[in-house]
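Okay, here's what each chain looks like letter by letter:
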There are 2 protein chains.
Amino acid sequence: MTQYHPLSEGEAIQFAKSIPDLFAADAQLASREIGDGNLNLVFHITEPATGKSIILKQALPYAKVVGESWPLTLDRARIESEALQYEGALCPDLVPRVYQYVPELALTVMEDLSDHVIMRRGLIERNKYPKFAGDIGRFLSHTLFYSSDLGMNQQDKKERVKQFINPDLCKITEDLIFDDPYRDAETNSFDETIRDEAEALWNDTELKLEVARLRHGFLTNAQALLHGDLHTGSIFITEQSTKVIDPEFAYYGPMGFDIGAVIANLLLNFAGQEGWSPDAASRAEYREYLLTTVKDTWTTFEWEFRSLWNDRSVDRISNTPGFQDIYVEQLLRDTIGYAGCKMVRRIVGLAHVADIDKIEDAAAKERAQRLALAIGKTLIKHHRSSVSIDEVLDIAVKAAAQ
Amino acid sequence: MTQYHPLSEGEAIQFAKSIPDLFAADAQLASREIGDGNLNLVFHITEPATGKSIILKQALPYAKVVGESWPLTLDRARIESEALQYEGALCPDLVPRVYQYVPELALTVMEDLSDHVIMRRGLIERNKYPKFAGDIGRFLSHTLFYSSDLGMNQQDKKERVKQFINPDLCKITEDLIFDDPYRDAETNSFDETIRDEAEALWNDTELKLEVARLRHGFLTNAQALLHGDLHTGSIFITEQSTKVIDPEFAYYGPMGFDIGAVIANLLLNFAGQEGWSPDAASRAEYREYLLTTVKDTWTTFEWEFRSLWNDRSVDRISNTPGFQDIYVEQLLRDTIGYAGCKMVRRIVGLAHVADIDKIEDAAAKERAQRLALAIGKTLIKHHRSSVSIDEVLDIAVKAAAQ
């Protein structure tokens, strides 16, 4: 089994048994492949007799999207497992445990989290997660701080940049987030009812210039080790627990890209409440919850990031008076700009979100799409002059009141 | 000879003879070691009968500075030879030809340029180099453009970032340029007559904040493949020819760091004219030449960089209206800021320049030191609001008139 090939379920079971200290040699195991089959195989291995379970995630050497298939490096499995281990060392309660990584099979053996739900689904069901903002704020502050020049030896950081060079996965982001939505690209996908919105994007010179700036930061700013794809589909959640999964897009980039991803996905659900809330009062109430979560996410991040900076910085020069404030203000601006980009691409670009696409009522869906675009575009255009996270809340509230 | 060891002159000759197509098998060769012995061995190999000659440059596994010795990776020989080959493919007339690189010996065999002089010495002798600004502007525009996300495939660029991860040599810059001069560091070296200036640096909060910003760019901004140490001691020159040597500090960093290095070293010589010009009229005249060269360097760089952008960009999005102007303005600001940093460190930091240190008249030397610091500090404080290279000339002229 040492040469790369996609595992069968039988092989997955056989492999699971071979892992030391997980199952007894004579254990009776069952396997169910639960991946979407586009990028990875995901085997859910269970031992009914004991209730024990694990996940085997194996990268496939291609990506299947809208019927097409293009080659995609297996090296992303290494990047994902190494990123999980980095994150797990800092926030062991916030990521799945990695039991083993098998490079030749591009296979990671990890903790089963099936007692959690995917956060996107939880938000669509209008659940509330009181611990989320604190958890994700801690995840962001710790993973970003400790991988940056502030929190780790600056020569070691350069070796880590090398470790996480990730051209194939970055290319997906560069195309689908920063490029295609702003031109009439074949990969775009949007409802004909909002063609006017798509065409407005393609002709909005001011907007495109701001996106070009943000894209340039994504291409060049090796600030911290990012998760790289931190939407609510990459988060498993319960009321008591938050687990960040799937860091295969990890690379050294601008911190605001990760923070912005979280905020964008909360705001996409905010827009989606056009379709999910049963009435105006409950819509207002759930939106209030979402905006509070946006604010608490940033506030927790900022507070913990500044605390780490004050207490754990390895970089004497970063204590130059005024530097921390300048740095954090720039983070807020980046966060807001990238949040905007991540909203726009989910409405007109290739990959959408269920928060909006699964709305059955066509008029509500269209309202949600236009609202998400209005918020996203305003965030992008406004980002370089932002000074407070409250502005994001104001932008969302005003757009929803239109 | 395949295991690393510092070569003897005899071994250097033996090695030179083994290189195909350079010397005849029975050639009579002579060798002279002309390195400074601190970082590298440099063997000048000549064949008196034909006049043919080459250089063998071998990295030593340590750096010797002020009597101390610290280990330094031999990998820098690979980085230097690969950077020379990259530069040579773009500007074959502006770098020495590399005949061979021998990784196990950390040895590069290259063109002998001993018909040229080191530019620093040429400027101290008050020579003029009419081709220099055009040559170095072309070198900077081509090497920086074609290694950036503007001029090369953006996925290949990420692999090249990996190829040029260079922690040891970057550490030298980070310490000696961006850190030590701004505190009472043991490595600093300055004349007691200007202790007031050094102490003023250590207590100048505004200045230190700007340096912290510029240092942050050096640490994180993977914009282009830099030479990384482009002072006038890294340039061989004649009236007809310019050759850039010694790119062992090459890494992916902010373009302005290289452009600023050239400008800083012209301005250090400008300050040094306190000691080298025989009278006020000739001082004014040579300074005018230096400032014209500063301006022409930037202007040639900008013109050629914009031409490459317009004609050779591989990045469609970089053609978004307005983006080029924003980008070039930021380059100018970075250039001016880094130029300032590179001036300050040559007066109070560890490594000085002969343009100032070799001035024999103590009063003239002190005036030159204070002038260089005045220009450098003003450039640093002013850099973020700059809009034209003319401001650099004004700053120098005004400081010299004090």
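Residues numbered from 1 in each chain as written. Chains lettered and ligands numbered in written order. Predicted model: local features only at pLDDT ≥ 70, side-chain atom pairs only at ≥ 80, totals over all residues. Heavy atoms only, no water.

Chain A carries the name Methylthioribose kinase in an unreviewed UniProt entry, which gives Paenibacillus oceani as its organism. Note on chain A: under the UniProt heading Subunit (unreviewed entry), the record states "Homodimer." What UniProt states about chain A under its Function (unreviewed entry) heading is, verbatim, "Catalyzes the phosphorylation of methylthioribose into methylthioribose-1-phosphate." (UniProt positions renumbered as here; feature names shortened; annotations may be inferred.)

Chemist: Which residues make up the sheet that holds strand β6 (residues 98–102) of chain B, and what values do they have?
Modeler: Residue and element names in this part refer to chain B. Pairing in this open sheet of 5 strands is antiparallel, and the strands run β1-β2-β3-β7-β6 from one edge to the other. Of all the strands in the sheet, just β1 (30–33) and β6 have a single pairing partner and so form its edges. Direction aside, neighbouring strands of the sheet carry axes that sit 20° apart on average. The sheet contact formed by strand β2 (residues 40–47) and strand β3 (residues 52–59) spans 8 bridges and is antiparallel. Counted as the bridge partner of F43 is L56 from β3. Most of the contacts of helix α1 (residues 9–18) go to β1, to which it runs at about 130°, and overall it touches β1, β2, β3, β6 and β7 (107–111). (Pairing = 2+ DSSP bridges. Helix = DSSP H or I, 4+ residues; strand = E, 2+ residues; numbered from the N terminus. Axes fitted to C-alpha atoms, helices over the stretch in contact; angles between N-to-C directions. Contact = heavy atoms within 4.5 Å.)

Chemist: How would you summarise the pattern of salt bridges if you had to cite specific residues and measurements?
Modeler: Throughout the structure, instances matching the rule amount to 70 salt bridges over all chains. Taking the shortest distance from any N to any O, the salt bridge between A:D325 and A:R306 comes out at 2.8 Å. Of the two residues, A:D325 is situated in helix α11 (residues 323–348) and A:R306 in helix α10 (residues 280–312); the sequence distance between them amounts to 19 residues. Of the charged contacts in the structure, one is a salt bridge between B:D175 and B:K171, with a shortest N-O distance of 3.3 Å. Here the residue B:D175 and the residue B:K171 both occupy positions in helix α6 (residues 167–176), the gap between them amounting to 4 residues, near one helical turn. In this structure B:D175 comes out as partly exposed when scored by relative accessible area, which is 23%. (Salt bridge = Lys/Arg side-chain N within 4 Å of Asp/Glu carboxyl O. Buried < 20%, exposed > 50% of the residue type's maximum accessible area, 1.4 Å probe, protein only.)

Chemist: A description of the sheet that holds strand β3 (residues 52–59) of chain A should follow, citing residues and the corresponding values.
Modeler: The strands making up a sheet associate through backbone hydrogen bonding, with each pair oriented either parallel or antiparallel. All names here are of chain A. Pairing in this open sheet of 5 strands is antiparallel, and the strands run β1-β2-β3-β7-β6 from one edge to the other. Of all strands in the sheet, those bounded by a partner on one side alone are β1 (30–33) and β6 (98–102). Between one strand and the next, the sheet's axes are offset by a mean angle of 20°, whatever the strand orientation. Where β6 and strand β7 (residues 107–111) come together, 4 bridges link them in antiparallel fashion. Note on β7: the bridge partner recorded for Q100 is V109. Contacting β2 (40–47), β3, β6 and β7, helix α2 (residues 75–90) crosses the sheet at an angle of about 155° to β6.

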